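One-letter residues, chain by chain:
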Amino acid sequence: MERNLSLNLHVLVARLDRAADRILRAEHNISYSRFLALALVGELGVSTQRALADGLGVTEPSVSRMTAVLAAEGLLDVQPDPAGGNRRQLSLTDEGKQVVASLRQEFEERLAALVAHSGVPYAEFAEHTATLLATLDRVERESTK
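Here the structure is a predicted model, which means the values were calculated and not measured.

Visitor: Describe the overall build of the protein, listing the residues and the values that go with them.
Guide: Along the backbone of the protein there are 6 helices and 3 strands. For the protein, the succession of helices and strands along the chain, N to C, is α-α-β-α-α-β-β-α-α. For the C-alpha atoms alone, the extent of the protein along its principal axes is close to 55 × 45 × 25 Å. Counting every position in the protein, which comprises 145 residues, the buried fraction comes to 21%. Here the protein carries 16 positive and 20 negative side-chain charges, and the mean point of each set is 5 Å from the other.

What follows is the structure, given as structure tokens:
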């Protein structure tokens, strides 16, 4: 068997991201990038625009524009940082929390169905994925020491 895991993973993730974007736009009128922003704020708790930009791998001006839209839609609360400066603190509104919870559940169910249809055991796939992510986190931490 030819070893091509790196390319296959890239293609898989890119196709899953595009499918998620199509589904979200068609069924929920939100882009996948905006959903990811909301999900990251939910995962990080109250966060800053800088932390969100780092988490999404985009620039702070891009996150600033996105957070303004999400705040206008009532999904995100954007407040000045109590410590002062130009920083903004982010948190999900109650509606934002509901959107994230609902869409996360929907995507988890769709992914579980896809994994089951492939014949790959879901629990093993989830465990291996978590192990790979934890290993990557550890290697990145060690490389910055």
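Visitor: Could you give an account of unusual backbone geometry, naming the residues involved and the relevant values?
Guide: The phi torsion at Asn-29 lies on the positive side, around 55°, for a residue other than glycine. For Asn-29, the location among the structural elements is in the loop between α1 (5-28) and α2 (32-44).

Visitor: Before we move on, can you summarise the nonpolar core with the specific residues and values?
Guide: Counting 22 residues, the largest nonpolar core has Leu-24, Phe-35, Leu-38, Leu-70 and Leu-76 as the members making the most contacts within it. Secondary structure elements with two or more residues in this core: α1, α2, α3 (49-56), α4 (60-72), β3 (88-92) and α5 (94-118). With residues near it in sequence (within four places) discarded, Leu-70 still touches Arg-34, Ala-37, Leu-38, Leu-75 and Leu-76.

Visitor: A description of the packing of aromatic side chains should follow, citing residues and the corresponding values.
Guide: Enumeration according to the criterion identifies 3 aromatic pairs in this entry. Both rings, one in Tyr-32 and one in Phe-35, keep their centres 6.2 Å apart while their planes meet at 25°; by these two values the pair is stacked. On the criterion of helical spacing, the pair formed by Tyr-32 and Phe-35 is a turn pair, its members being 3 residues apart in helix α2. The burial state of Tyr-32 is the same as that of Phe-35; both residues are buried. Ring geometry for Tyr-32 versus Phe-107: centroids 6.3 Å apart, planes at 70°, classification edge-to-face. One end of the pair, Tyr-32, is in helix α2; the other, Phe-107, is in helix α5, and 75 residues separate them in sequence. Across this residue pair, the class does not change: Tyr-32 and Phe-107 are buried. Three or more aromatic residues link up through ring pairs in this structure, and these residues are Tyr-32, Phe-35 and Phe-107.

Cut-offs and rules
- Residues numbered from 1 in each chain as written.
- Predicted model: local features only at pLDDT ≥ 70, side-chain atom pairs only at ≥ 80, totals over all residues.
- Heavy atoms only, no water.
- Helix = DSSP H or I, 4+ residues; strand = E, 2+ residues; numbered from the N terminus.
- Buried < 20%, exposed > 50% of the residue type's maximum accessible area, 1.4 Å probe, protein only.
- Lys, Arg positive; Asp, Glu negative; His and termini not counted.
- Charge placed at Lys NZ, Arg CZ, Asp CG, Glu CD.
- Core = buried A, V, L, I, M, F, W, Y, C linked by side-chain atoms within 4.5 Å.
- Contact = heavy atoms within 4.5 Å.
- Phe/Tyr/Trp six-rings, centres within 6.5 Å; stacked < 30°, edge-to-face > 60°.

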